[in-house]
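Examining the three-dimensional arrangement
Take a look at the letters that make up each chain.
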Amino acid sequence: MKKLFTILLSLFFCCSLFVGCTPKDQKDVIQLKVWGSQDDQYMLGEMADSFKAAYPDKTYKITFGVVGEPDCYARLSEDPAAAADVFMFADDQIINMTNAGLLYEITRNVDNVKSANSAGSVTAATVDGKLYAYPCTADNTYFLYYNKNYVSDMQAQKMDDILAACQTAEKKFLMDLSNGWYNASFFLSAGCTIGIGENGKQVVDFNNEKGLKAAKAMEAVAQHSTFMTGDDTTIKTGLNSNTFGAVVSGSWNAEYFKEAWGDKMGVAKLPTITLDGQQVQLKSFGGTKLCGVNALTKYPADAMKLAEWLTNEQNQLKRFIDRGMGPSNINAANTDEVKSNPIISVISEQFKYAVPQNNVLGSFWTPAEAFGNALEQKDYGGKTLQQLLDEMVRQIMA
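Residues numbered from 1 in each chain as written. Predicted model: local features only at pLDDT ≥ 70, side-chain atom pairs only at ≥ 80, totals over all residues. Heavy atoms only, no water.

Overall, the predicted model of the chain reaches an average pLDDT of 92, with 93% of residues at or above 70. Confidence drops under pLDDT 50 across residues 11–24; counting only partners more than four residues distant or on other chains, this segment forms one contact. (pLDDT = per-residue confidence, 0-100. Contact = heavy atoms within 4.5 Å.)

Written as structure tokens, this is what we have:
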């Protein structure tokens with residue numbers, strides 16, 4: 001009887017321990033899910049490990065899912081409650097995300113985040129004056145490639161000199177003016193604006209006096225004998241046939257230029273253009289990758305802490321070393337490692353003149369393409385330049 005009592009007592013204590021500990025352990029574990037691209041998975045895992053090591057007072061279980069930045073909004077919209085707590089996305093999705101209430105407003109260390117990152121990337125992460133994401137990279141823009149056999153470093157600073165040098169060398173200058181991503185440069189440089197109205201539609205003023213001056217500057221480039229237009233396929237083909245003296249393109253074509261031009265490859269920010277008789281710096285659209293927090297996360301404070309960790313100076317530098325991505329963090333961008341990379345360095349330089357494209361809606365692209373195409377083809381259909389501008393703006397804002 002005594003032996004039976006002892007066994008029952010032992011079972012009671014075991015059960016008590018089991019019942020008393022398991023729920024507490026589960027309650028103490030903070031479970032967070034992170035979405036990122038396939039190529040970033042290993043890197044994100046290392047960043048998460050360092051995060052857990054930096055906060056040993058808490059127990060984190062961090063899992064990962066493969067959702068690339070371009071697909072984030074679509075996947076998040078499918079089932080926000082089942083989506084990741086922290087995710088990477090392209091900045092042109094932030095308006096749709098905030099309108100749908102998918103993003104948690106960043107409330108942790110806001111001033112520190114803003115001061116640590118470039119102004120353009122902070123603007124891209126901000127909607128109606130509120131920060132809705134952490135800047136992660138600042139490298140999606142375009143700049144000038146030039147062949148030093150035909151265009152000097154000094155000539156590369158000024159559009160008129162680039163065109164003249166290409167003409168002398170019997171080479172082409174390529175810029176895809178029938179693509180709104182590129183031809184908007186002229187309007188933005190002239191001081192025109194693009195935004196979203198209270199009705200949620202695109203608002204542009206590209207047909208005002210400044211816009212007409214920009215269009216005339218673009219027209220002068222398009223009508224130059226060395227001008228050539230085309231997409232990435234045209235660029236690759238032209239590099240193989242030694243067609244170009246200079247090309248406006250982005251980092252995604254860097255390897256093709258290196259292969260074709262070798263140590264004669266030069267890169268520079270976009271040149272100045274002649275605008276109403278004055279030299280004006282050519283601007284560009286600039287895109288960033290952002291790190292957001294799910295509005296439905298069960299752990300908003302910890303999710304923000306993790307998102308901030310994934311995008312801090314240390315990890316933006318790691319992202320550059322591991323994946324070649326340009327930092328938005330000012331200190332990381334100013335390290336010798338980053339500054340010595342010619343592509344990242346020129347992107348950082350161009351970002352000083354870049355305009356965030358998070359206010360660009362889908363209605364912009366087709367009319368802008370039609371306008372640029374008319375200039376490239378030198379076929380205005382009997383209309384004046386002002387009438388073409390009016391038509392483009394009317395279609396964009398419709």
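Here the narrative resumes.
Pairing in this open sheet of five strands is mixed, and the strands run E11-E8-E12-E7-E13 from one edge to the other. A single partner strand is all that each edge strand has here, and the edge strands are strand E11 (227–228) and strand E13 (265–268). As judged from the four bridges shared by strand E7 (residues 143–147) and strand E12 (residues 244–249), these two strands associate in the antiparallel manner. Residue pairing for E12: Phe143 is matched across the bridge by Ser249. (Pairing = 2+ DSSP bridges. Helix = DSSP H or I, 4+ residues; strand = E, 2+ residues; numbered from the N terminus.)

This part is about the side chain of Asp91. For Asp91, the location among the structural elements is in the loop between strand E3 (86–90) and helix H4 (94–99). Apart from the residues lying within four places of it in its own chain, the contact partners of Asp91 are Ala124, Gly286, Gly287, Thr288, Leu290, Gln357 and Asn358.

Evaluation of the coordinates by the stated rule reveals 14 salt bridges. Where Asp322 meets Lys318, a salt bridge forms, and the shortest distance between an N and an O atom there is 2.8 Å. One end of the pair is Asp322 and the other is Lys318, both in helix H13 (residues 313–323) and four residues apart, which spans about a single turn. A residue is classified by how much of its surface remains accessible, and Lys318, at 21% relative accessible area, is partly exposed. (Salt bridge = Lys/Arg side-chain N within 4 Å of Asp/Glu carboxyl O. Buried < 20%, exposed > 50% of the residue type's maximum accessible area, 1.4 Å probe, protein only.)

With that settled, the discussion passes to the sheet that holds strand E17 (residues 289–293). With respect to topology, five strands assemble into an open sheet ordered E2-E1-E3-E17-E6, the strand pairing being mixed. At either end of the open sheet lies a strand with only one pairing partner, and these are strand E2 (59–66) and strand E6 (134–135). Inspection of the sheet shows E3 paired to E17 by five bridges, in the antiparallel sense. Bridge pairing links Met88 to Cys291 in E17. Packing of helix H12 (residues 300–310) onto the sheet brings it into contact with strand E1 (29–36), E2, E3, E6 and E17, and relative to E1 it is tilted by some 45 degrees. (Axes fitted to C-alpha atoms, helices over the stretch in contact; angles between N-to-C directions.)

Now for the nonpolar core. Of all hydrophobic cores here, the largest spans 53 residues; its most connected members are Phe173, Met175, Phe186, Phe187, Phe364 and Phe371. Looking at this core element by element, the count peaks at seven residues for helix H8 (residues 180–190). Excluding residues that lie within four positions of it along the chain, Phe173 makes contacts with Leu144, Met159, Ile162, Leu163, Cys166, Val221, Thr226, Phe227, Met228, Ala246 and Val248. One finds Trp35, Tyr60, Val86 and Leu103 within the second-largest nonpolar core, a separate group that totals 44 residues. (Core = buried A, V, L, I, M, F, W, Y, C linked by side-chain atoms within 4.5 Å.)

Turning to its location among the elements, Ile95 is positioned in helix H4. Overall, Ile95 belongs to the buried group, its relative accessible area being 13%. Beyond its immediate sequence surroundings of up to four residues, Ile95 is in contact with Val127, Ile196, Asn358 and Asn359.

For E3, the tally of buried residues reaches four of five residues, placing the bulk of the element in the interior. With two bridges connecting them, E1 and E3 associate as parallel partners. If you follow Val34 over to E3, its bridge partner there is Val86.

Notably, Asn242 is not glycine yet its phi reads approximately 55 degrees, a positive angle. Relative accessible area serves as the criterion here: at 31%, Asn242 is assigned to the partly exposed category. In this model, Asp276 sits at a positive phi of 55 degrees, which is unusual for a non-glycine residue.

Bringing the packing of aromatic side chains into the picture now. One pass over the full model with this rule turns up 18 aromatic pairs. Each ring, one from Tyr142 and one from Trp181, has its centre 4.8 Å from the other, and the planes form 70 degrees; the classification is edge-to-face. Of this pair, Tyr142 sits in the loop between E6 and E7 while Trp181 is found in helix H8, placing the two residues 39 residues apart along the sequence. Each of the two residues, Tyr142 as well as Trp181, counts as buried. Plain terms: the ring middles of Phe364 and Trp365 are 5.1 Å apart, the flat faces sit at 80 degrees to each other, and that makes the pair edge-to-face. Taking the relative accessible area as the measure of exposure, Phe364 reaches 0% and is therefore buried. Sitting over the ring of Trp35, Arg75 keeps its end group 5.4 Å from the ring centre. When the ring centre of Tyr55 is taken as origin, the NZ or CZ atom of Lys305, which lies over that ring, is 4.4 Å away. (Phe/Tyr/Trp six-rings, centres within 6.5 Å; stacked < 30°, edge-to-face > 60°. Lys NZ or Arg CZ within 6 Å of the ring centre and 35° of its normal.)

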